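A closer look at the structure
Now for the letters of each chain:
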Amino acid sequence: MESKALYDSILDRSKRITWQDDCYVDLQSASGSAASRAESEDPDWVQKHHDLLQRFCTASFLEVALAHLGKVDAVSSADETKIRGATRLHEQVNMLTTIVTGNGAQSSDALRAFIEASDSQVAQLVVNHDAMVKEHKEVLLRRYEQIRDRDSVSCPKLNVCSRTLLLVDGLSDIQQKEHDLMQVGATRGRRRNHLRQLGLTKLLEPLTRVSLPPRVSLTVGVAGIGKTTWVRHFVRQWSQGVICADVSFVLPFAVCELNPVEKVSAEKLVKLAFPHITDPGVVLSGSCRTLLILDGLDEFRCTANFSDAAPCCDPKKEVAIDDLVTNIIRGNLLPDAAVWVTCRPGVASLIPGGLVDRVTEIPGFSPQDIRLFLDHHFSERDFASKMWAHLESHKILMVMCYIPSVCWIVADTLVYIMQSETGESLPRTCTELYAHFCSMKAEAGEPRGREPVKMEQLHGSNRKLLGNLGRLAFYGLLKHKYTFSEQDLRAYGIDLLLGQGSLGTGVLVREELALCTTYRFTHLTVQEFLAATFYHISSKRAIFDLFSESTVSWPKIGFQNHFRSAFQHSQQAEDGHLDVFVRFLTGLLSPPALKPLAGLLAAGKDEGNQKAFAAGFLQGLLVSGGGAVSLRAVNLAYCLHELQHAELLRSVEEDLQLGSLAGKLTRAHCVVLGYLLHVSPECSEQTNLTGSLNYATVKSLLPQLLYCSCLRLENNHFKDDVMELLGSLLSAKDCHIQKMSLAENAIGNKGAKALSRALLVNRTLTSLNLRNNNIGSKGTKFLAGALKMNQVLVSINFQNNAIEEEGAQALAEVLHCNRKLVSLNLRKNTIGAGGARRIADALKTNRTLRKLILCSNQLGDKGTVALAEALAVNHTLLSLQLQSNSISNKGMTALTKALRLNRGLVSLNLRENSIGVEGAKNMAHALQENHCLQELDLTANLLHDEGVQAIAGAIKFNRGLTSLHLQWNFIKASATKALAHALLCNGTMQLLDLQENAIGNEGVIFLAEALKTNDSLRTLCLQGVSASTSGAIAMAEALATNGTLQTLDLRGNTVGMEGAKALANALKSNRSLKSLNLQENSLGMDGAIFIATALKGNHQLTYINLQGNGIGESGAKVISDAIRASATGCVVDI
C-alpha cells in the first residue's frame, strides 16, 4: 500500500486497512490496530523520541517530513514557515516536535506513522536505535565478562581503573627502531615527557573547548604492557554505560582475528563479528557515532601499506583485508567513525603521522608500583620483601618487571623457587629465570592424587613438546609472527589436546575470538626463550643454516658456526627483534641456567668449552667496529651478563662510580658504559664522566648518553665542536637528560650557539651548569634568545664567563618574559652597576625567579641601590647573594629600607663587603620589622662591637632569623654579651657563627650561660675566638644541661688537656651533640684519652675532629680502640 493511503487511513478512523488477503483490522475497534493501541498506551511517543530526532535528523529528512505533514494537515503552512525560519537544524527539530505535540494526538500520530513507515536510515535510527544499542551492549558485556584479565583482580591501586594513559607528542626514535625490552631497558621504564595524563573517559573527547574530537587515536605500548587489557576494560565500561555515552556503537576487533580473512567488505566484516547487528549499514553510516577498535595492529599478518593500498570508499565493496584496514585508518572508508588503534611502537611507526590525531602511551610499572604489586600479591611468608631485595640487587630483573605481565612471570617464578625445598638460589639472569619458569610449567603438568612421577619421567614427557614449541617460536620470531592458528600448531607437531596444566598450556594461551581461535605465547619473552632453546639444541646437530627453514642453504656444521650465524643475523636486524633471542641463546651456555632444564634439554659434554668460546667471541665483537655505540653493540654486553662473564662489566662500573675512567674508555669500555646506563639506576642518575672524555669518545657514546638523568661532563677541555655533538644530543626526542654540568671546559660563543639551538627544542633539561667557560657576552646573547622560548630549564649557571654588562642586559630581557627560570647564577662576570640595573628592572615584573647570585660583579652602591628598589616591590625572590661587591653603608641603607617593605626574601648574603656600624644599625632597624628573612650573612665586614650590639638588640624581638654569620667582624666580648642576652629571649635562631673574632674566654662564657637556657640553637661556630681552658670548661658545663645543640666548632683555640677533660665529662651525659670539632686545640695524648673515654659512654656523636693536637700513635690507638668497642657509628678524624 502506498504511504499516502496509509496516512489517509490513519486520519480517517472509519476506514479499514487491509492486513492480509483474508483478514483486516478495524481501526475503530477497542482491540483494533497497532496504531490505536500505541496511541492509548504511549501518547507521548514524539516526546520520548525527541532526543533521538535531535541527534539523527538531517535537513533533507526534515524537509520530507514537513512536506508530508503539510499534506495530511498535521501542520499548517504558518507552522511550516515558522519551523523553516529557525536558523539551526536542532532548533527546527525542537520547533517541529513542540508544534506537533501542541496540535494534539492526531498530529503526533501522523509524525510517528511517517517515521515508522519510512525506510531511511534516520527513521530506522529514531525507531530502533535504543533497542539496537541495548542488545549490542548486552552481547559485548557477555562476551567480555567471560574474559577476565589477571589485571582485573590485581591490586586496586595498579589495575586499569586507577591508571591513566600518557598523551605524547608522537613516537620517539627508540620506540620506532628498537626491541621492546631494549626500549624498557634504555629508559628504565621511566615515563616519557608527556603533555598530560588522559583517563579512558577522555579518550575520545576534544582536549580543549575549541578543538575537535580525534578520529584516529593510537595507543602504543610494549608487549605485555596491557594494551588489550585497556581495550577490554573500555568495552566493559562502555557496555555498562559508565563512559562515552555519546558513542552509539563500539565495534572491537582483535587484529589477529582478521588474519584468516582474505577479502571482505566493511559491512560484511561487522556482520561476521557481530551477527546480532542485522543492518551494519545503519551502524557504519555516520548518522550515529561509532567507534571501531583495532586492537594489536602489530599482530596483523599483512604489513599495512599506506602508500600503495588501493583506495576504497564503499563499505559494501569486498577488498583485500590489508586494504580494508588501511582504508579505514586513512579515512577513505567509514570517514565518520572514530578509530582506536592499539599497537606495539615499532609497527605503529608505519602509520603516517598525518593520519593520527592523538597518540597515547601506556606507562609501565614504576619501582614503587612493583613493590606495591609484590606486597599485595605475595605477602605471605615474607615472600614480597625477599623478592624485592633480590630485584634490587639484580637490576636487570627489576627492569623486566616494569612490564606488568613480565612482573607476574618473575614473581610467580621466584615464589615457586622459594616454595620448593631444593634450596636453590634465586636466578641472577633472565635466562636462569625463564629456565625456572619453564621448569615450573612442566612440573605443573604432574597429575595430582597419585604417586609422584619422577622428575626425569616428567621432563621426558615434555621434551618433544618443548622442541616443537621452540621450533614454532623460533620461526614465528623470524617472521615477526606472534599469534598462531590451530593449523600452525599442527604443522609444527603440537597436539591441540594438551593436558591441563602441562608445559603447553603453561606457555601458550588459547583465545576464542569472534572470527577465529588463536594461540599465543604468554609473553613475547617466553617465545624468545623457547626459540633460543630450540636453536641451542638444534645447532649441535644441524648441517644447514637454521635461519633458512624452507630454503636450501650452504652447509653449516657445528655449534660455533651456528652461534656466529645467530649473532650475524641479530647484528644486521635493524629493528633489534633478535636481541633478546641471542641474550637467551648466550645465557643457555651458563650451567646455572641449564640446571633447571635438566631432562628437558640434552646438555652436551662440552658446555664449558662452549661458554669460553662464547665469552671470547663476544669480547671480540665488543672491540670490533667503530663509530657510535649502537644498541646492537650494547646488546653484546647484555649477552655477557647472561653468560655470567661479568669481569669487564664490574670493572667499568667500579671506575664509573669512583670517577676514574680517564684514559680507560676504549671501544669495549664505551659499549659496557652504555649497558650500565641501561641497567644501573645509580650510574644513569649520576653519570660522572668528569675528566674522562674527548671529542671521539663523546661521538662514540652519544646515542647512550641520551638516557642519563644527571650528566657531569666537567673538566674535559671541551671546545665548540663537542658542543655541536651535545646540541644534537639535547635536541633528540629520546633525550632524558635533566641535569647537565659542562663546568671547567673551554666553550666559546660558537659552542653556546649550538647549545642555544638545542634549548629551543629540548623538553627535559632543567639544570645547566656552564661555570668557568669562555662564553662571553656574545654567547650569552645566543643562550638568552633560547631561554626566551624554553619552557623547561629552571636553573642555569653562568659563573665566570665574562658576560659583562651586555650579557647581563640579554639575561634581563629573559627575566622579563621567561616564566620558568628559578635560579640564575652570574657570579664573577663583571656585569657592573649597569648590568645590575638591567636585572633590577626585570625583577620588578618577574615573579618566578627564586634565587639570584651576583657575587663578585663590581656592583658597588649604585648597583645595590637599583636592586634594593626591585626588592621593595618583588616579593617572590627568596635568595639574593651579593658577596664581594664593594657595598658600603650607602648601599646597605638602601637594602635595609627595602627589607622593611619586602615580605619574600629569606636569604641575604652580604659577605666580604665594606658595611660598617651605620649599615649594621640600619639592618637592626629592618630586622625589627622584617620577620621573613631567615638567613643573614655579614661575614668579613666592618661591623665592630657597636654594630653587632645593635643587631643583637633587634634579635631579641625578631622571630624570623634562623641563621646569622658574623665571622671576621672585629667583635669582642661586649658584643658577644649582647648576643648572649639576645639568645635568652630569641626562640628561632638555629645557627650563630662568630669565627675569627677575638671574643676570648669572656665571650665564650657569656654564650655558655645563654646555652643553659636557650633551646633553639643547633649550631655554634667558635673557630679561632681566642678561647682557652676556662672557656672550654664553661662550655662543658653548658653542654651538661643543654639538650638542643648539635654542632660545636672550637677549632683553632687552646682548650688544652683540662678543657678536653671537662668536655669529655659533659659528653658522657649530653645526648644532643652530634658533631664536635676540636682540631688544633693542644689536647695532647692525655686529652685524647679523656675524649676516648667519653666516646665509650656517648652514643650520639657521629663526627669528631681531633687533628693537629699532638696525639701521637699511642693516643690514636686509644681512640681507635674506643671507636671499635662502642662508637662504631662515629667518624673520627685524628
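Going by the structure above, here's the rest.
Throughout, a residue's number is its position along its own chain's written sequence, starting from 1. Local features are withheld for residues below a pLDDT of 70 in this predicted model, meaning they are given only at 70 or higher, and side-chain atom pairs are given and counted only at 80 or more; totals for whole chains, interfaces and linings count all residues. Only hydrogens and water are set aside; all other atoms, that is, all heavy atoms of the structure, feed into the side-chain values.

1. Quick notes on the pairing of strand E3 (residues 165-168)
The cut-off we apply is this: Any residue under 20% of the maximum accessible area for its type is buried, any over 50% is exposed, and the rest in between are partly exposed; the area is computed with a 1.4 Å probe on protein chains only. In DSSP terms, a helix is any run of H or I states spanning at least four residues, a strand is any run of E spanning at least two, and both are numbered starting from the N terminus. One requirement defines pairing of two strands: DSSP has to find at least two bridges between them.
Burial along E3 is two-sided: the face carrying Leu 165 and Leu 167 and the face carrying Leu 166 and Val 168 are both buried. Of the pairings in the sheet, the one linking E3 to strand E11 (residues 358-361) comprises three bridges and is antiparallel in character. Residue pairing in the sheet places Leu 167 in a bridge with Thr 360 of E11.

2. A short note on unusual backbone geometry
One non-glycine residue with positive phi stands out, namely Leu 334, at about 50°. Secondary-structure assignment places Leu 334 in the loop between helix H15 (321-330) and strand E10 (338-343). With a relative accessible area of 7%, Leu 334 lands in the buried category. Phi at Ser 1026 is positive, roughly 65°, even though this residue is not glycine. Among the structural elements, Ser 1026 can be located in the loop between strand E27 (1019-1021) and helix H46 (1029-1041).

3. Describing the pattern of salt bridges
Note the threshold: For this document, the term salt bridge refers to a Lys or Arg side-chain nitrogen within 4 Å of an Asp or Glu carboxyl oxygen.
Applying the stated rule across the entire model yields 35 salt bridges. The partner of Asp 375 in a salt bridge is Arg 371, and the shortest N-O contact between them spans 3.5 Å. Taken as a pair, Asp 375 and Arg 371 lie in helix H17 (residues 367-377) at a separation of four residues, close to a single helical turn. In the salt-bridge network here, residues are joined through shared partners; they are Arg 232, Glu 299, Glu 511 and Arg 520.

4. Description of the sheet that holds E11
For clarity, the threshold we go by: Think of each axis as a best-fit line through the C-alpha atoms, taken over the contacting stretch in the case of a helix, with angles from 0 to 180 degrees between the N-to-C directions. Whether two residues are in contact is decided by their heavy atoms: any pair within 4.5 Å suffices.
Ordered by their spatial adjacency, seven strands build an open sheet running E4-E3-E11-E5-E10-E8-E6, and the pairing between neighbours is mixed. Each edge of the open sheet carries a strand with a single partner, namely strand E4 (196-198) and strand E6 (249-254). Taking each pair of neighbouring strands and ignoring which way they run, the sheet shows an average axis angle of 25°. Pairing analysis gives five bridges linking strand E8 (residues 290-295) to E10, with the strands arranged parallel. From the neighbouring strand, Leu 294 faces E10, where its bridge partner is Val 341. Those strands touched by helix H12 (residues 227-239) are E3, strand E5 (216-220), E6, E8 and E10, and its axis lies near 155° from that of E8.

5. Quick word on the pairing of strand E14 (residues 517-521)
Of all the five residues making up E14, four are buried; the element is thus mostly covered by neighbouring parts of the structure. By the bridge criterion, two bridges tie strand E12 (residues 483-484) to E14 in an arrangement that is antiparallel. For Thr 483, the partnering residue across the bridge sits in E14 and is Arg 520. Across five bridges, strand E13 (residues 508-512) lies against E14 in antiparallel orientation. Bridge pairing in E14 places Glu 511 opposite Thr 518. Hairpin connection, E13 to E14: the antiparallel pair is bridged by four residues.

6. Focus: the packing of helix H34 (residues 695-705) against helix H35 (residues 720-731)
Worth spelling out the cut-off: Note that the term roughly parallel is reserved for angles under 35 degrees, roughly antiparallel for angles over 145, roughly perpendicular for angles of 65 to 115, and oblique for everything else. As a working rule, the residues Ala, Val, Leu, Ile, Met, Phe, Trp, Tyr, Cys and Pro are called nonpolar, Asp, Glu, Lys and Arg charged, and the rest polar, with Gly in that last group.
Running from N to C, H34 and H35 point in directions that differ by 5°, and their axes come no closer than 10 Å. As the angle between them shows, H34 and H35 are arranged roughly parallel. Contact with H34, carried on its side by Tyr 695, Val 698, Lys 699, Leu 702 and Leu 705, involves Asp 721, Val 722, Leu 725, Leu 726, Ser 728 and Leu 729 of H35 and no other residues of that element. Across the contact of H34 with H35, the residue classes tally to eight nonpolar, one polar and two charged.

7. Considering the state of the cysteines
Basically, it comes down to this: Defined by distance alone, a disulfide is two cysteine sulfur atoms within 2.5 Å.
Within this structure, the stated rule accounts for zero disulfides. With no disulfide of its own, Cys 1021 has Cys 1130 as its nearest cysteine by sulfur position, at a separation of 18 Å. Judged by its relative accessible area of 11%, Cys 1021 falls in the buried class.

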